[in-house]
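Chains, contacts and geometry: an overview
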Amino acid sequence: MNKEEFFTEDVLTGKVYDRTVIKKLLSYILRYKGAGVISVLMVVATTALFLMSPYLFGYAIDHGITMGNISLTYKIALYILGIQSLRLLLIILQSYNIQVIGQKVMLDMRMELFRHVQSLPVSFFDKNPVGRIVTRLTNDIAAIGELFSAGVIVVIGDICIIIGIFVAMFMLNWKLALITLSVFPIIVIIALWFGSRMKNSFREIRRKLASINAYLNENINGMKVIQLFNREKKNYEKFDKINDEYLKEQVKYIRYFAVFQPAINMVSALAVGLILWYGAGKYIHGFLTLGILVAFLSYIHDLFDPIRDIVEKYNIFQGAMASAERIFSLMGEQAEVDYVIPNPGREVLKGDFHGAIQFENVWFSYTGNDYVLKDISFRIEPGQSIALVGVTGSGKTSITSVLTRLYEIQKGTIFLDQIDIRKIEKIGLRHVIGLVGQDVFLFAGTLRENITLFNPLSDAEVLGIIDSLGLMPFIDRMHRGLDTEIAERGANLSAGERQFISLSRIIIYDPRVIILDEATSNMDPIAEVLIQNALHKVTMDRTSMIIAHRLSTILHCDKIIVMNKGEKIEEGSHEELLRQGGLYNQLYKVYMKEELLT
Ligand SMILES: Nc1ncnc2c1ncn2[C@@H]1O[C@H](COP(=O)(O)OP(=O)(O)O)[C@@H](O)[C@H]1O
Ligand SMILES: [Mg+2]
């Protein structure tokens, strides 16, 4: 998939009306039934009040002014003032009310979406870039918010006004009403013509904006590479081009818009002209009162605003529908539960476990096609430590991923003690098994928060644990101790410091089984010695699985498993494997050489 295609996925699908999407959207709105009903009632009320004014104008002319009845004219003037004030008040309340509903719906959707995203399997995040998921939680939710702040309810009001005006017109004078209606086909043609063009243009704008966002995202994330390879000028020029395209599309849209409004006004003028031409004759011959003529002209004046409004709101509506569709499709993403045996509901206590691990004919693939673990079987006794050895890509990390159920295996069984791990709740499983990986994820916050992960622990406890692992030198190096601020993703820390945090985290968690995946790579020698010693202490009374480059680490282990291309090809103690003279023997020679060098 190239990048363009990748982001067009984020663009409007073109459908406006999709039953299931609307149904789901309604289910959110219906949670605020009371407030919603009040809003609709208020819209109807404001419409009714709005429609009264032209009628009252006409009435004032016919029965007040032309009859010389000043007091009636004053009275009607006061009525109109009262009605307009009441309408204004209702509009204020209505808009407040609907916006609050909108915000609540947005909050509900955002929370539900977030909870759902949290429950998705790690494989989902392999396939979907962060940017896209964040867009769902921000822009798409905001687009739905717009439905409330500027969309649906206003359109309902507009439709009410249009219908109401025609009802009033037909009640006043059906012939004039028919004449007004005769310009409607022109309106429909204009609305359709501009509507479809504005829709396409709007979609194009969204697409261009998506590529601006994508480009910015990539450029800011990759700033280091861009600067190191002097790509600034080139990337600036490319950005200039993308921006220019966006500008052109925007201008096109503005042009449509600029013509559309006067076009509607022209039709409005046409209707006024027709009514004047026809109505004046009738008035002069005494078939029509001046008041009715004025009321009609006033109604026509009010008729075209809502029509224009509906066409303009169409894009907001469509945008919101597309966003809703994407949000619901993300919510519909399933956790990979198909082959997971239903949770027996038994609460797992950490103390229940001894930490025996057994792989039984395990097959696993990330994609569903190529197996990266092929028929793996081995057993680790409680308290034992094994080393996983093999070249890059042989499947070592994959073993740790399926053991922690970050990914689910396709065939075979993994046992923790005697229990199939699929029968253990993930939360429980991860209390029992702790993983220290090569990539340590750090949050923006203090060192304390990153170690305790916001669990309430006293500084003394935290420092006690760090001290027991012999890792105090790391704390001493940080200028503000546990209060040291960690930058986002730990940008201000070295590999050793990150690993120190990761280890301390795990020990506070105190798991029965500990997995160390290349935990000492890329470290300076001093940090490495400290971490090595800590690792040794950590693995002493726990079952452990260690992936390491260091011979010294491997030699500490009770058993070594040698992986190659997803298969377990050798298993045994260091001496046994050397005697076999297989892959381990070869790797050993390489290890020896490296160890001598460093
Ligand atoms: N998230 C992933 N999605 C798809 N393939 C993956 C993923 N992670 C690893 N792989 C593939 O699985 C194979 C084994 O990788 P891994 O277990 O990480 O090897 P090792 O840790 O031994 O270097 C490799 O071919 C790798 O490309
Ligand atoms: Mg690995």
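Residues numbered from 1 in each chain as written. Chains lettered and ligands numbered in written order. Predicted model: local features only at pLDDT ≥ 70, side-chain atom pairs only at ≥ 80, totals over all residues. Heavy atoms only, no water.

Examining the nonpolar core
Formed by 45 residues in total, the largest nonpolar core has its most connected members in Leu 447, Leu 471, Phe 500 and Tyr 584. Considering each element in turn, this core owes the most residues, 6 residues, to helix H18 (residues 525-540). Every residue in contact with Phe 500, bar those within four places of it in the chain, is listed here: Leu 447, Ile 451, Ile 466, Leu 471, Phe 474, Ile 475, Met 478 and Ile 531. Core analysis: the second largest hydrophobic core is formed by 42 residues, Leu 51, Phe 202, Tyr 253 and Ile 292 among them. (Core = buried A, V, L, I, M, F, W, Y, C linked by side-chain atoms within 4.5 Å. Buried < 20%, exposed > 50% of the residue type's maximum accessible area, 1.4 Å probe, protein only. Helix = DSSP H or I, 4+ residues; strand = E, 2+ residues; numbered from the N terminus. Contact = heavy atoms within 4.5 Å.)

What about a positive patch on the surface?
On the surface, a cluster of positive charge is contributed by Arg 231, Lys 234, Lys 238 and Lys 241. Structurally, the position occupied by Lys 238 is in helix H10 (residues 232-284). Residue class for Lys 238 comes out partly exposed when judged on its relative accessible area of 47%. (Patch = residues over 30% accessible without salt bridge, like charges linked within 9 Å, V, L, I, M, F, W, Y side chains within 5 Å. Areas by Shrake-Rupley, 256 points an atom, 1.4 Å probe, with all protein chains shown as cover. Salt bridge = Lys/Arg side-chain N within 4 Å of Asp/Glu carboxyl O. Lys, Arg positive; Asp, Glu negative; His and termini not counted. Charge placed at Lys NZ, Arg CZ, Asp CG, Glu CD.)

Remarks on the environment of Glu 488
With respect to the element layout, Glu 488 can be found in the loop between strand E8 (485-486) and helix H17 (495-509). Sequence separation between Glu 488 and Ala 444 is 44 residues, and the spatial gap between their C-alpha atoms is 4.3 Å.

Quick word on the domain arrangement of the protein
Taken domain by domain, the protein consists of domain 1 (16-331) and domain 2 (354-597). Here the C-alpha centroids of domain 1 and domain 2 sit 57 Å apart. (Domains from an automatic or database assignment.)

Overview of the side chain of Thr 446
Along the polypeptide, Thr 446 turns up in strand E7 (residues 445-446). Aside from chain neighbours lying at most four places away, what touches Thr 446 is Leu 482, Asp 483, Thr 484, Glu 485 and Ile 486.

As for the site of ligand 1
In the vicinity of ligand 1, the contacting residues are Asp 126, Tyr 366, Val 372, Val 391, Thr 392, Gly 393, Ser 394, Gly 395, Lys 396, Thr 397, Ser 398 and Tyr 407. Gly 395 places a main-chain nitrogen or oxygen 3.0 Å from an oxygen atom of ligand 1. Burial of ligand 1 by the surrounding chains reaches 62%, relative to a free accessible area of 570 Å². The dominant element in the shell around ligand 1, judged by the number of residues it contributes, is helix H12 (residues 396-403), at 3 residues. (Near = heavy atom within 4 Å. Polar contact = N/O pair within 3.5 Å; in protein donor to acceptor, adjacent residues only side chain to side chain.)

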